[in-house]
Amino acid sequence: MTTDMPPPASRPLVFVGALYGAAGVALSAAAAHRGGAFIGTAANFLLFHAAALLAIGLAGHNRWLRLGGSVLGFGLLLFCGDLLSRDLLGSRLFPFAAPAGGTLLIAGWLAVAISALIRPKT
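Below or above, wherever it landed, is the structure these notes cover. (Residues numbered from 1 in each chain as written. Predicted model: local features only at pLDDT ≥ 70, side-chain atom pairs only at ≥ 80, totals over all residues. Heavy atoms only, no water.)

### With respect to helix H4 (residues 97-115)
Residue pairs spaced three or four apart in an α-helix point in one direction, given the helix's 3.6 residues per turn.
Right, so step 1: The end-to-end C-alpha distance of H4 is 27 Å, a good match for the 27 Å that 19 residues give at a rise of 1.5 Å each.
Right, so step 2: Of all the positions in H4, only Ala97, Ala98, Gly101, Gly102, Leu105, Gly108, Ala111, Val112 and Ser115 are classed as buried.
Right, so step 3: Contacts made by the buried residues of H4 are with helix H2 (37-59) and helix H3 (63-89). (Helix = DSSP H or I, 4+ residues; strand = E, 2+ residues; numbered from the N terminus. Expected span 1.5 Å × (residues − 1). Buried < 20%, exposed > 50% of the residue type's maximum accessible area, 1.4 Å probe, protein only. Contact = heavy atoms within 4.5 Å.)

### Describing a nonpolar patch on the surface
Right, so step 1: A cluster of nonpolar residues, Trp64, Leu67, Ile114 and Ile118, forms a patch on the protein surface that exposes about 330 Å² of accessible area.
Right, so step 2: By the secondary structure assignment, Trp64 is in helix H3. (Patch = residues over 30% accessible without salt bridge, like charges linked within 9 Å, V, L, I, M, F, W, Y side chains within 5 Å. Areas by Shrake-Rupley, 256 points an atom, 1.4 Å probe, with all protein chains shown as cover. Salt bridge = Lys/Arg side-chain N within 4 Å of Asp/Glu carboxyl O.)

### A look at the pattern of salt bridges
Right, so step 1: Counted by the stated rule, this structure contains two salt bridges.
Right, so step 2: Ionic pairing is found between Asp82 and Arg86, a salt bridge with its closest N-O pair at 2.9 Å. Residue Asp82 and its partner Arg86 are both found in helix H3; the two are separated by four residues, about one turn of the helix.
Right, so step 3: A salt bridge links Arg92 to Asp82; the nearest nitrogen and oxygen atoms lie 3.6 Å apart. Taken as a pair, Arg92 in the loop between H3 and H4 and Asp82 in helix H3 lie far apart in primary sequence, 10 residues in all.
Right, so step 4: Exposure remark for Arg92: the relative accessible area of 44% places this residue in the partly exposed category.
Right, so step 5: We classify Asp82 as buried; its relative accessible area is 0%.

The structure is reproduced here in C-alpha cells:
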C-alpha cells in the first residue's frame, strides 16, 4: 500500500504552509474591505510563501531543504506578525520583529538554495 503523504519530518511544513495560505486569503479579503497597506503586504507574503512551504514539505527529503522551510516559516511569522500588529493594534509586535523576520526569510531562501547543491545519498 502506498501513500501520498510527505515524509513525517516534512508534514509540519505542509500543515504550516496550508495555514499560511488560509490566512493569506482571509487577510486579502480583510485588506480589500478594511484597507491597510500592512495587511495587504502580509497577505501577499503569506500567500506566496505558503506555496513554497507546501512544495518544500512535499519534496522535503533533504535536511537543508527542511531547515530552509522551517526558517522561512518562522521568519514569515515574525515579519507578517509585526506588519499585522502595526495595522490592527497600532504598535509593533516587538522592536526589530519585521527586520528579524525579513532576515530569517532571506536565510531560509538561502538554505533552500544550498539544498539544491547537496548531493542525494545513494
